[in-house]
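Residue-level structural notes
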Amino acid sequence: MPLSSRLRRLAAALVASLAALLAVGLSPGPAAAAEGRVSGGRLDWGIKQSFLTYVTGPIAKGSWGLTGGAATVGGSTFRFHSANGTYDPAAGALTAAFSGGVRFTGHQEGGSNALDLSIGRLTFKAVQGGAAGLYADVSSKSKETGQVSSASQAKLADLSLAGVDLRGAAGTLTLSGVPATLTDAGAKAFGGFYQAGTALDPLSLSVNLPAAQPTPAAPAPTSGAAATAAPATIPPATAPSPTEPAAPPATEPAAQAPARTGFANGALDWGVRRTFRDYVTGAIAQGRWELGGGAADGGAFFRWTPAKGAYDPATGELTAAFTGTVRFTGMRAGDGYGLDLTLANPGVSVSGGQGRLLADVSGRTPDGGTRQLPGVELATFDPAGLKAEGGLLTAVELPLTLAEGGAEAFGGLYPAGTAMDPLSFAVALDPAAALPPLPDLGSAPATPPGAVASPPASPAAAPVAASSPGGVPVPAVVGGAVLVAALATTGGLLVRRRRAAAAAGAPATGPDADDAA
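Residues numbered from 1 in each chain as written. Predicted model: local features only at pLDDT ≥ 70, side-chain atom pairs only at ≥ 80, totals over all residues. Heavy atoms only, no water.

**Quick word on the overall build of the protein**
Convention followed: Runs of E in the DSSP output that reach at least two residues are strands. Runs of H or I that reach at least four are helices, and both are numbered from the N terminus. Summary of the burial criterion: residues with accessible area below 20% of their type's maximum are buried, those above 50% are exposed, and those between are partly exposed, where the area comes from a 1.4 Å probe applied to protein chains only. Residues count as neighbours in contact if any of their non-hydrogen atoms are within 4.5 Å of one another. Areas reported as accessible are Shrake-Rupley estimates using a 1.4 Å probe. Residue values count occlusion only from the protein chains shown.
Broken down by element type, the protein carries seven helices and 27 strands. Counting the 517 residues in the protein, one finds 43% classified as buried. Restricting to contacts in the protein with at least 6 residues of sequence separation, those with at least 24 account for 65%. Summing over all exposed atoms, the protein offers an accessible surface of approximately 24,800 Å²; the carbon and sulfur share of this is 58%.

Given below as structure tokens:
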């Protein structure tokens, strides 16, 4: 007997469901990235905490310094920035080189350091099959001979990626807690202080991978720099900063101020003070900072942008008002914070051979009150280092000294006269001039360092990885296969029951009984 129309409709629905499910399960999904360049990202590594303690301790009596825009995280980890390299999603091969470096010195004898080690341009390399290593440019002094040796991209450490598959990732790839072991070349780089096989601090990294197959309607992918830095075309705040110069009327004759050059773009880079940032995010304050209004995080400093103001090349006088806010909070108590400081809309003023850094200050006072102080003079600097060239007026890492107003703004944490982080800024005297690039930290990591992500279960010592967006989830494919099997089984049972009912001359029962043709 031919199948009823009801059964034919059910069979057609089963076929359609199967086709749709296969289309979903077998499609490449959003993580099917094309092979291409890595653009933007960060690498966080403490190197070896016992080494840092030794360098700054009572034996070596040394110190360390950052170079190339490297920063610190929480006071005990170094952050390297602006990843670039290549990624092959089919093989899971990744090469990512990071900018910035750190130099360790100690054991000073006769005006020189017996301990002198510089590490920079760290490169993470993972090849097909999971083998990985950390490479760097190294300059070091042997503790036995005192000879200084240099090596380009020496392999400092073997990295363990057990249980982590780097294939098919796209968007932001995060590796967290990757175990590192010193190599022979690394032991030599450390001047013989450690033997090959010594466990180093685990590292974490986050890199922006090539975009996954964009659709015509989607906007063009942006780089990590565009994600962290505000566009130069952002309009200034509607309420001008107290330090902002008054704009001349549109009808003002040019002859009234022939020497002054107005500008409407610029960027100010300042890290406030490295030890203050480390204190905020460290074990005592356990805090953070938040950015707003165009401010961006460059790792070792914050960037406030855009800017407007005027410059007189004849006298060297400058007034520049920048845009953005950075709020530091910490020492949480209930719904409030024991530490709460916002620095907003900083300004730079140069007159009479004196440079001043100003900002609007708000937040909590040490006695638990609140404050709102416009145009506070935070610090002073010598403007002799300002240079006008290439359409820009620039200041690069000018020494900055805390003023009385700055000491009050920081609640007495630092006395007036304290050396703060150096000040850099640039204003575009020529509207076509390009501002200095911001260190590219890439997009925010898909998971915070140490968080459990989505790879297969692995030992506690193994790294964890996450990719955003990811590929087709394995549970979805498996679940789809189970559902297809269930649908096929149900269809087969229905056919057999229909045939049996027809042969017996009895009415069919079950889901299709009420809709018989």
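Don't stop here, the text continues.
**Describing the pairing of strand β8 (residues 112-126)**
Which entries qualify depends on this criterion: Should DSSP find at least two bridges between two strands, the strands are regarded as paired.
Across four bridges, strand β6 (residues 93-99) lies against β8 in antiparallel orientation. Each bridged residue has a counterpart across the sheet, and for A97 the counterpart in β8 is T123. Here eight bridges tie strand β7 (residues 101-109) to β8, and the two strands are oriented antiparallel to one another. Within the sheet, the bridge partner assigned to T105 lies in β8 and is D116. Here β7 folds back onto β8 in antiparallel fashion, the turn holding two residues, of which G110 has a positive phi close to 60°. Where β8 lies against strand β9 (residues 132-141), eight bridges are found, and the strand directions are antiparallel. When the sheet's bridge partners are listed, K125 is paired in β9 with G133.

**Quick look at the confidence of the model for the protein**
The predicted coordinates should not be examined in detail at positions where pLDDT is low. Stated formally: The pLDDT value expresses, per residue, how confident the predictor is, ranging between 0 and 100.
Mean pLDDT for the protein: 77, with 70% of residues reaching 70 or above. Confidence drops under a pLDDT of 50 for residues 14-33, and excluding neighbours within four residues, the segment shows 33 contacts in the predicted structure. The low-confidence segment residues 447-462 (pLDDT under 50) makes 26 contacts with residues lying over four places distant or belonging to another chain.

**A few points about the nonpolar core**
Short version of the rule: Only buried residues count toward a nonpolar core, which is a set of Ala, Val, Leu, Ile, Met, Phe, Trp, Tyr and Cys residues joined through side-chain atoms within 4.5 Å.
Ranked by internal contacts, the top residues of the largest apolar core, which has 49 residues, are F104, F124 and V207. Examining the composition of this core, we find that six residues originate from one element, β8, more than from any other.

**Some remarks on the packing of aromatic side chains**
Quick reminder of the rule: The rule is short: rings of Phe, Tyr and Trp, with Trp giving its six-membered ring, pair when the centres are within 6.5 Å, and they are stacked under 30 degrees, edge-to-face over 60, tilted in between. In this scheme, Lys NZ or Arg CZ marks a charge over a ring once it lies within 6 Å of the ring centre and within 35 degrees of the ring normal.
This model, assessed by the stated rule, comprises 16 aromatic pairs. With a centroid separation of 6.4 Å and an interplanar angle of 65°, the aromatic rings of F381 and F425 are classed as edge-to-face. Placement of F381 in strand β23 (residues 370-381) and of F425 in strand β26 (residues 419-428) is noted, with a sequence separation of 44 residues between them. Just as F381 is buried, F425 falls in that class too. Cluster of aromatic residues (ring-pair linked, three or more members): F276, W289, F302, W304, F328, F410 and Y414. Its end group placed over the ring of Y194, K48 keeps NZ or CZ at 5.6 Å from the ring centre. When the ring centre of Y135 is taken as reference, the NZ or CZ atom of K125 above it lies at 4.6 Å.

**Side note on unusual backbone geometry**
Between T305 and the following residue, P306, the backbone shows a cis peptide bond with an omega angle of 0°. Within the fold, P306 resides in the loop between β17 (302-304) and β18 (307-312). A positive phi angle is found at E397, which is not glycine, with a value near 50°. With respect to the secondary-structure elements, E397 resides in strand β25 (residues 392-402).

**Focus on empty space enclosed by the protein**
Rules: Points on a 1 Å grid, built from protein atoms alone, make a cavity when a 1.4 Å probe fits but cannot get out and make a pocket when they are open with protein on both sides within 12 Å along at least 5 of 7 lines; residues with an atom within 4 Å of a point are the lining residues. Grid points are joined across faces, edges and corners, and a volume is the space filled by probe spheres set on the points. Throughout, the ten residues Ala, Val, Leu, Ile, Met, Phe, Trp, Tyr, Cys and Pro are labelled nonpolar, Asp, Glu, Lys and Arg are labelled charged, and all others, Gly among them, are labelled polar.
Using the criterion set out here, one finds three cavities of 30 Å³ or more in the structure. Here the second largest cavity defines a volume of roughly 40 Å³. Around the second largest cavity, the lining residues are L268, W270, W304, L343, A344, P346, A359 and L378. Taken together, the elements giving at least two residues each to the lining of the second largest cavity come down to β14 (266-270) and β21 (336-351). When residues of the lining of the second largest cavity are assigned to their parent elements, the largest contribution, three residues, is made by β21. Class assignment of the residues belonging to the lining of the second largest cavity gives a composition of eight nonpolar, no polar and no charged.

**Remarks on helix α2 (residues 49-56)**
Rule in force here: Arc, as used here, means the arc of the directions from the helix axis to the C-beta atoms.
Within α2, the full set of buried residues consists of F51, L52 and V55. Angular distribution of buried residues about the axis of α2 spans 100°; they occupy a single face of the element. Where α2 is buried, its residues contact β3 (63-67), β5 (77-88), β7 and β8.

**Observations regarding the environment of T370**
Its place among the elements puts T370 in strand β23. Through-space distance from the C-alpha of T370 to that of D340 is 9.3 Å; in sequence the pair is 30 residues apart. Once residues lying within four places of it in the same chain are set aside, the contact partners of T370 are G363, R364 and T365.

**Structural notes on the environment of D269**
Worth spelling out the cut-off: Under this definition, polar contacts are N or O atom pairs within 3.5 Å; protein pairs additionally need one hydrogen-donor-capable and one acceptor-capable atom, and for neighbouring residues in sequence, both atoms have to be side-chain atoms.
Within the secondary structure, D269 is located in strand β14. Accessibility expressed as a relative area gives 11% for D269, which makes it buried. The sequence separation of D269 and T305 amounts to 36 residues, and the corresponding C-alpha distance is 9.1 Å. Apart from the residues lying within four places of it in its own chain, the contact partners of D269 are F301, F302, R303, P422, L423 and S424. At 2.7 Å, the side chain of D269 forms a polar contact with the side chain of R303.

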